Each structure stands twice: as structure tokens, then as C-alpha cells.
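If you want the building blocks of each chain, they are given just below.
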Amino acid sequence: MAKPNAAAAAAALPASAASSSSSAPAAASASSAPSSSRAAVQARTNLNAIKRRDPLAWRVVLSVSHAAVYELLAPEGPDPAWTRNGAEGTLHLYERGGAAGGGGAPAQHRLIVMSRKQGTEDFCVALEKGEIVDAEVLNGMLMFRNKDKRVFGIWIYDDDGREKLVHHITSLHILDINVANVDLTDALTAPVIPTPAP
């Protein structure tokens, strides 16, 4: 399989993607209880929203407040270009099926960007080795090629959220992600998506 044109793809990245007192401990511990209960309520709310789309969802691993999905058009051609997929909103990494979900098979992991934009569909992808061929973080965008040779990029506006997502995906042994945070000027030597070994 031919490698996408890295220089042209990197150059085509969207502009937004290139882009104490002694009583203090007591006060902090008192305020942590409401904060953790708010987090628990938010986690249940997120799971319920996901279950409306995927009834087999049973656990949210991580949520990131804002992400946008792009697709690389003509990734193997001379002039690849990023275009917005339309899905833009909260991103969730979640588990579905498996023993905890009531099934006997191992749990599956999915990424979903729940679109806030009127008239656009959510973006959902199964993070399984048979579904995702390659994955990489380049210039702040999580990019992957699926089994149909389509290349998608998920731009996460919060650097910390992106790092946590990549950490969770790799620590759960879902996918191996090559992290190549390079400047656009270095894109000539950095592949957009690594080519799988024969």
C-alpha cells in the first residue's frame, strides 16, 4: 500500500489544528465531596447519552469536552486535503459488550464524537485492530486509517485531553499509536500514517 503524501497532507492541516493558610486543607477536602459527586453525575449522564446511541455501552473510560472530526481526501494522491467531517462535540472513549456488559466476549472499545451541530451525525469508530490499520498523533491531531483505507483525524482542542486519550488507548492495549509531534516544517520526514509492514 502506498504511503500518503506526508508533506502535502501536513500542509493541508486545518488552521485550528496547527493550533496558603492552615485551614486550606480542610476547606479543600470539604469541597472535594461535591466535586466528586458532580463527576459521578456527569459520568452517568454521559453513559446514558451514549446508551441511547449504543445500548451495549456499559462504561465510559474517558470524556473530552470538545473534538472535531476531519477526513483526509485523496490521502495517497499528490494533493491530499483535510475536510471537516461535520461531527464536532464531546468525545468519549467507552467500552461495550463483554462480561460486564452482559456478553461473554471481551469488551470492545469505541470512540464517539457526539455532534452538537444541528443536522450532523455523530462519528463513531470501533478501536479494534481489524478495524483500524494505523494510528498516529501528528501536529496535535489523532489520525488513523481504517480497513477501508479512509484516513480520519480527530482534533482535540485540549492538549491534556488529547494526551489522556492517547495514554488510555495505548495503556488498554487497544491500539499502538505512534506519537510524532513534529512541526509542519518537519513533515517532509514524518509520515502522516505509517505504512503497515508486509
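### Examining the side chain of Glu-71
Then step 1. Note that Glu-71 resides in strand S1 (residues 57–73).
Then step 2. Within the local environment of Glu-71, its side chain forms a polar contact with the side chain of Arg-150, the two groups lying 2.9 Å apart.
Then step 3. If we skip the residues at most four places from it in the chain, Glu-71 touches Ala-81, Trp-82, Thr-83, Arg-150, Val-151 and Phe-152.

### A few points about unusual backbone geometry
Then step 1. The residue Asn-139 is not glycine, and still its phi comes out positive at about 55°.
Then step 2. Here Asn-139 shows up in the loop between strand S5 (132–138) and strand S6 (141–146).
Then step 3. For Asn-139, a relative accessible area of 10% translates into the label buried.
Then step 4. Positive phi, close to 65°, is recorded for Lys-149, a residue that is not glycine.
Then step 5. Here Lys-149 is to be found in the loop between S6 and strand S7 (151–156).
Then step 6. The class for Lys-149 is partly exposed, based on a relative accessible area of 48%.

### Focus on the environment of Met-143
Then step 1. Within the element layout of this structure, Met-143 appears in strand S6.
Then step 2. Since its relative accessible area comes to 1%, Met-143 is described here as buried.
Then step 3. Residues Met-143 and Ile-154, eleven residues apart in the sequence, show an inter-C-alpha distance of 6.3 Å.

### A word on the pairing of S5
Then step 1. When you tally the buried positions in S5, you get six out of seven residues, the bulk of the element.
Then step 2. Strand direction decides the pairing type here: S5 and S6, joined by six bridges, are antiparallel. Bridge pairing links Ile-132 to Asn-146 in S6.
Then step 3. With antiparallel pairing between neighbouring strands as the criterion, S5 and S6 make up a hairpin whose turn holds two residues, including Asn-139 at a positive phi of roughly 55°.

What counts, and at which threshold
- Residues numbered from 1 in each chain as written.
- Predicted model: local features only at pLDDT ≥ 70, side-chain atom pairs only at ≥ 80, totals over all residues.
- Heavy atoms only, no water.
- Helix = DSSP H or I, 4+ residues; strand = E, 2+ residues; numbered from the N terminus.
- Polar contact = N/O pair within 3.5 Å; in protein donor to acceptor, adjacent residues only side chain to side chain.
- Contact = heavy atoms within 4.5 Å.
- Buried < 20%, exposed > 50% of the residue type's maximum accessible area, 1.4 Å probe, protein only.
- Pairing = 2+ DSSP bridges.

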